[in-house]
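Residues per chain, in single letters:
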Amino acid sequence: MREFFGFGGYQREAEGFMSWQHLTFVTTLMLIMIALAMFLGKRNKHKSMKEKNRVLIVAAILIDTIELFKIVLLCIRGNDPMHWLYELPLFLCSVQLIAMPLAAFTKGRLREAALDFVLIFGILGALLGTYGAGQNYAAYPVLSFDNVVSGVTHSLAGFASLYILMSNMASMQRRNIGITFSILLGFCGAAYVANRLLDYNYMFLMRGDGTPYDILFNFVDGSEVLYPLAVVALFLLYISVFYAVYFFKAKVTASSKVSA
């Protein structure tokens, strides 16, 4: 247990990014995530919003509880009570720590926008934070506290995203697009300020750190101006494409029903 939690440093060597151990572990998590989302989503699809929301409430409480436990343990493990400054929910994936509770516990347009935000970024974060997490799997053994917690929390975000889709909880109203953009831009702004103050890399706005963002970082030759702007632009483009595809699919489905 001491080795699993990393007290005193991991004695085992990291199996490596994209090793068969890494791919087997994260693929198992993804299969469980998809199976649960499909089962619970289809089961609750025609139930009331209140009944559908119970699953989301459990997921939101679970992801925040696990993350809080992780932060406390890392502060203890590193003997640094201020380590929490480097564990703020300012990565694209960890924004779900706030977005999921907003989707589960608020009402009105804020809830609708939060549901859309979780839907749009939950599955993307799950894939990037498992298959694309080169900074983690190159540094820690696959079956270690750092990687297991990261894998589980990213999978919970992906689960919530798929569950919202499968259970028809998403509103995807055009009037809420501005709120969705504002949520993202607000977190990006906070992340950039935190990076400057802490010399850190929230939202990967400063460098790629062994993740797929390295492709973009190298493309702009590591420019301190162009790189963060390109990352934010990529986020906004992703939102736009997601909405466009969703609306196009909805239009095609509606036309098919009219024709039938």
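Up top is the structure these notes are about.
Presented here is a report on the structure given in the accompanying data block. Everything quoted here is computed from the prediction, not taken from an experiment.

Rules used in this analysis
- Here, residues in each chain are numbered from 1, in the same order as that chain's written sequence.
- Local features in a predicted model are, by the rule used here, given only for residues with pLDDT of at least 70; side-chain atom pairs are given and counted only at 80 or more, and totals for whole chains, interfaces and linings are based on all residues.
- Excluding hydrogens and water, the side-chain figures rest on all heavy atoms present in the structure.
- Helix and strand assignments follow DSSP, with helices taken as H or I runs no shorter than four residues and strands as E runs no shorter than two, numbered in order from the N terminus.
- Two N or O atoms count as a polar contact when they lie within 3.5 Å, although within protein this holds only if one can serve as hydrogen donor and the other as acceptor, and sequence-adjacent residues are included solely when both atoms are side-chain atoms.
- In this analysis, two residues are considered to be in contact whenever any of their non-hydrogen atoms come within 4.5 Å of each other.
- In summary, the pairing rule links any two rings of Phe, Tyr or Trp, Trp by its six-membered ring, whose centres are within 6.5 Å, and it sorts them by plane angle into stacked for under 30 degrees, edge-to-face for over 60 and tilted for everything else.
- When a residue's accessible area, from a 1.4 Å probe over protein chains only, is under 20% of the maximum for its type it is buried; when over 50% it is exposed; and in between it is partly exposed.
- Axis definition: a line fitted to C-alpha atoms, limited for helices to the stretch in contact. Angles are taken between N-to-C directions and run from 0 to 180 degrees.
- For classification, angles of less than 35 degrees are called roughly parallel, those exceeding 145 degrees roughly antiparallel, those between 65 and 115 degrees roughly perpendicular, and all remaining angles oblique.
- Should the near helix be turned anticlockwise from the far one by less than a right angle, the crossing is left-handed, and should it be turned clockwise, the crossing is right-handed.
- Only Asp, Glu, Lys and Arg are considered charged, only Ala, Val, Leu, Ile, Met, Phe, Trp, Tyr, Cys and Pro nonpolar, and every remaining residue, Gly among them, polar.

A closer look at the side chain of T211
Locating T211 in the fold gives a position in the loop between α8 (177-198) and α9 (213-219). Only 2.6 Å separates the side chain of T211 from the backbone oxygen of G208, close enough to count as a polar contact. The contacts of T211, once residues within four sequence positions are left out, are G132, Q135 and F204.

Description of the environment of S161
Along the chain, S161 turns up in helix α7 (residues 145-166). When the C-alpha atoms of S161 and G125 are compared, they prove to be 9.8 Å apart, with 36 residues separating the residues in sequence. Setting aside chain neighbours within four positions, we find S161 in contact with V118, L119, G122 and I123.

Comments concerning the packing of aromatic side chains
Tallied over the entire structure, the rule returns 19 aromatic pairs. On the basis of an interplanar angle of 40° and a centroid distance of 4.9 Å, the ring pair of F117 and F121 is categorised as tilted. Of this pair, F117 and F121 both sit in helix α5 (residues 108-128), separated by 4 residues, roughly a single helical turn. Taken as a pair, F117 and F121 share a single burial class, namely buried.

Here we look at the packing of α5 against α8
Two quantities define a packed helix pair, namely the angle between the axes and the distance from one axis to the other. Put simply, α5 and α8 touch, their axes get as near as 9 Å, and they point 65° apart. The pairing of α5 with α8 is recorded here as roughly perpendicular in orientation. For α5 against α8, the interelement crossing comes out right-handed. Residues R109, A113, D116, F117, I120 and F121 of α5 lie in contact with α8, whose contacting residues are I179, T180, I183 and L184. Broken down by class, the residue content of the contact of α5 with α8 amounts to 7 nonpolar, 1 polar and 2 charged.

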